[in-house]
Amino acid sequence: MAGSGAFAEIKDGDVYKFYADGEWKKSASGKFVPVINPTTRNTHFKVQACTQEEVNKIIETAKSAQKSWAKTPLWKRAELLHKAAAILKEHKAPIAGCLVKEIAKPAKDAVTEVVRSADLISYCAEEGVRILGEGKFLVSDSFPGNERTKYCLTSKDYDSCHFKPLSCGNRIKASGVHEEIPLGVVLAIPPFNYPVNLAVSKIAPALIAGNSLVLKPPTQGAVAALHMVHCFHLAGFPKGLVSCVTGKGSEIGDFLTMHPGVNCISFTGGDTGIAISKKAGMIPLQMELGGKDACIILEDADLDLVAANIVKGGFSYSGQRCTAVKVVLVMESVADTLVEKVKAKLAKLTVGPPEDDCDITPVVTESSANFIEGLVMDAKQKGATFCQEYKRQGNLIWPLLLDNVRPDMRIAWEEPFGPVLPVIRINSVEEGINHCNASNFGLQGCVFTRDINKAILISDAMETGTVQINSAPARGPDHFPFQGLKDSGIGSQGITNSINMMTKIKSTVINLPSPSYTLG
């Protein structure tokens, strides 16, 4: 049960504490932020409303802890990450229970998220040991006009033992030139829809690379994130290395993202990320900001496969996924058949509370439901064909397929983040590609055809970070690269890319008094 047993110390009365300097603490503000249950629309949890002064202390402590952590051998960092992963799996039930109550994630999917997160941490530990242990050796005479008088050695990971005289225990290096460079303090801001998985996808790479980590979880999902952070605490990570600050974005959001002590920001969310990128200054940014993922269907496609992927890709977790199918672009000649197949599958979806493992559960907030309804009403006013009756109870919206959607409708371009999917009929592949590329988003897309040559050509033409061929868009497996173009983001995610993004290259050049050639 949440906040009990192994997690008893993270709670004070009915308010969950924040985590700083290796301890669970109450905020000096004396205030809390309510976490609303999307199903009941009542306050289910409460978290601390931290102050700016508490943020200052957390970042100051994080900077100090990072200096010591950078001296920790890679194998030891990996060992602690493996331990955290095991503890996370051991406590999957209470953490999944939080996800059910905070974000209305179906129970089975909530457990899957926690297990997937533990697997991500372990994979990251192994991958980090491999790629951070590698370096490069360059010689000067490979560039025109130079003789071999310079040796350049580079690696990604920073070892401040290098600066100590004589030796540094087991980490002594004969040349004294292999150095590792973490960035420092990484600020991680995950979204509500995967508050555990998209938190650890930032935490684990940061830690294996030698950084410290400050987590600002979303309000919806904060309690699940706090439980996850406690698993890192139980694993025995050094004090101050991992922190978790909760509070109102209006009070500490900009203060965190513009803090001079933050050396890197990894953010997943919406338009807020664009504002962060404009304010953050000269620090590395890793951002995924949503998408309008297009599904292009050719005349030769397997329509049963397409229908299954549209329903899975467009309606799982009620469409609240950045990689959900957001617009169907289908050739007119097969549109009628496809729409009927999708309608038949949608009729079989269960709708109700997440505790019952329903396929369609309430969307996360009332404002989200109102936004979705606004898109639906706009489409209705402009003549879209409703394949089902529009139905809503509170935050719960029944799955809806809108056929004959035109480009003048908001739903053709805006991201609903709900169980509503528009179908646009096209008369040529070029028309579908043009619609996809006219979007300000460019996260993922997909194309369905039996002709692999056409699929590759269409994939090359689509302005998206990833194109799935004969499958719905998806983030993962978690070691795959994941990135967006245009307003969908900056940089690339995926375990290896995240580790690389959270390090810098440091080079040391040895200058020789005269040219030297092996066996020369």
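Residues numbered from 1 in each chain as written. Predicted model: local features only at pLDDT ≥ 70, side-chain atom pairs only at ≥ 80, totals over all residues. Heavy atoms only, no water.

As annotated in an unreviewed UniProt entry, the chain carries the name NADP-dependent glyceraldehyde-3-phosphate dehydrogenase and is attributed to Ziziphus jujuba var. spinosa. The UniProt entry for the chain carries this comment under Catalytic activity (unreviewed entry): "D-glyceraldehyde 3-phosphate + NADP(+) + H2O = (2R)-3-phosphoglycerate + NADPH + 2 H(+)". Among the UniProt annotations of the chain, the heading Sequence similarities (unreviewed entry) holds the following wording: "Belongs to the aldehyde dehydrogenase family." (UniProt positions renumbered as here; feature names shortened; annotations may be inferred.)

## Points about the overall build of the chain
Within the chain, the regular secondary structure consists of 14 helices and 30 strands. By the compact-globule yardstick of 24 Å for 520 residues, the chain fits well, its C-alpha radius of gyration being 25 Å. On the principal axes, the C-alpha backbone points of the chain span a range of 80 × 65 × 40 Å. Of all intrachain contacts in the chain linking residues separated by at least 6 positions in sequence, the fraction that spans at least 24 positions is 71%. The distance from the centre of the 55 positive side-chain charges to the centre of the 54 negative ones in the chain is 5 Å. (Helix = DSSP H or I, 4+ residues; strand = E, 2+ residues; numbered from the N terminus. Rg over C-alpha atoms; globule rule 2.2 N^0.38 Å. Contact = heavy atoms within 4.5 Å. Lys, Arg positive; Asp, Glu negative; His and termini not counted. Charge placed at Lys NZ, Arg CZ, Asp CG, Glu CD.)

## Some details on helix H9 (residues 303-315)
With 13 residues, H9 extends 17 Å from end C-alpha to end C-alpha; this agrees with the ideal 18 Å at 1.5 Å per step. Regarding H9, the residues found buried are Leu-303, Val-306, Ala-307, Asn-309, Ile-310, Val-311, Gly-313, Gly-314 and Phe-315. In this fold, the buried residues of H9 make contact with strand E15 (294-297), strand E16 (327-331), helix H10 (332-346), strand E20 (400-403), strand E21 (420-426) and strand E23 (444-448). Just downstream of H9 lies Tyr-317, where phi reads positive at about 45 degrees. (Expected span 1.5 Å × (residues − 1). Buried < 20%, exposed > 50% of the residue type's maximum accessible area, 1.4 Å probe, protein only.)

## Concerning the environment of Gln-483
Secondary-structure assignment places Gln-483 in strand E25 (residues 482-483). Since its relative accessible area comes to 18%, Gln-483 is described here as buried. Ignoring sequence-local partners within four residues, the contact set of Gln-483 consists of Leu-443, Gly-465, Thr-466, Gly-491, Ser-492 and Asn-497. A polar contact of 2.6 Å, which involves the side chain of Gln-483, links it to the side chain of Ser-492. (Polar contact = N/O pair within 3.5 Å; in protein donor to acceptor, adjacent residues only side chain to side chain.)

## Observations regarding the UniProt feature "active site" (unreviewed entry) in the chain
With numbering aligned to this structure, UniProt lists the feature "active site" (unreviewed entry) at Glu-288. Its location among the elements puts Glu-288 in strand E14 (residues 285-288). The buried category is assigned to Glu-288, whose relative accessible area is 3%. Once residues within four sequence positions are removed from consideration, Glu-288 is found in contact with Phe-267, Thr-268, Gly-269, Cys-322, Leu-443, Phe-482, Ser-488, Gly-489 and Gln-493.

## Observations regarding the nonpolar core
It is characteristic of soluble globular proteins that their nonpolar side chains tend to be buried jointly. By size, the foremost hydrophobic cluster in this structure holds 76 residues, and its most contacted members are Leu-81, Leu-207, Leu-215, Met-228, Phe-232 and Phe-237. Looking at this core element by element, the count peaks at ten residues for helix H6 (residues 222-235). Within the second largest apolar cluster, 58 residues are counted, among which are Ile-296, Leu-375, Ala-379 and Ala-472. (Core = buried A, V, L, I, M, F, W, Y, C linked by side-chain atoms within 4.5 Å.)

## Notes on the pattern of salt bridges
Scanning the model with the defined rule gives 23 salt bridges in all. Close ionic contact of Lys-46 with Asp-14 constitutes a salt bridge, the shortest N to O distance being 3.0 Å. Residue Lys-46 is found in strand E6 (residues 43-48), and its partner Asp-14 is found in the loop between strand E1 (11-12) and strand E2 (15-16); the two are separated by 32 residues along the sequence. Relative accessible area serves as the criterion here: at 44%, Asp-14 is assigned to the partly exposed category. Among the ionic pairs, Glu-414 bridges to Arg-410, the shortest N-O distance being 2.8 Å. Connected via shared salt-bridge partners are Glu-332, Asp-336, Asp-403 and Arg-425. (Salt bridge = Lys/Arg side-chain N within 4 Å of Asp/Glu carboxyl O.)

## Description of the environment of Ala-344
Following the sequence through the fold, Ala-344 ends up in helix H10. Sequence spacing of Ala-344 and Pro-190 is 154 residues, and the spatial spacing of their C-alpha atoms is 35 Å.

## What about helix H13 (residues 452-461)?
Residues of H13 that are buried include every one of Ala-455, Ile-458 and Ser-459, and no others. Buried positions in H13, seen along its axis, are confined to an arc of 105 degrees and lie on one side of it. Every exposed residue of H13 that faces more than 90 degrees away from the buried side is listed here: Asn-453, Leu-457 and Asp-460. Against E15, helix H12 (429-438), E23 and strand E24 (466-469) lie the buried residues of H13. (Arc of directions from axis to C-beta.)

## A word on a nonpolar patch on the surface
A cluster of nonpolar residues, Ile-452, Ile-456 and Ile-469, forms a patch on the protein surface that exposes about 240 Å² of accessible area. Within the fold, Ile-456 resides in helix H13. (Patch = residues over 30% accessible without salt bridge, like charges linked within 9 Å, V, L, I, M, F, W, Y side chains within 5 Å. Areas by Shrake-Rupley, 256 points an atom, 1.4 Å probe, with all protein chains shown as cover.)

## A word on the sheet that holds strand E8 (residues 150-155)
With antiparallel pairing, three strands are arranged side by side in an open sheet as E7-E8-E30. Whereas interior strands pair on both sides, the edge strands pair on one side only; in this sheet they are strand E7 (135-139) and strand E30 (506-511). Averaged over all neighbouring strand pairs, the angle between strand axes comes to 20 degrees, with direction disregarded. (Pairing = 2+ DSSP bridges. Axes fitted to C-alpha atoms, helices over the stretch in contact; angles between N-to-C directions.)

## Looking at the packing of helix H2 (residues 74-90) against H6
Contact pair H2 / H6: the axes reach a minimum separation of 8 Å and the direction vectors enclose 130 degrees. Comparing the axis directions of H2 and H6 gives the class oblique. Two packed elements cross with a definite hand, and for H2 against H6 that hand is right-handed. On the side of H2, the interface is formed by Leu-80, Leu-81, Lys-83, Ala-84, Ile-87 and Leu-88, while H6 contributes Met-228, Cys-231, Phe-232, Leu-234 and Ala-235. Of the residues in the contact of H2 with H6, the class split is ten nonpolar, no polar and one charged. (Parallel < 35°, antiparallel > 145°, perpendicular 65-115°, else oblique. Left-handed = near helix turned anticlockwise from the far one by under 90°. Nonpolar A, V, L, I, M, F, W, Y, C, P; charged D, E, K, R; others polar.)

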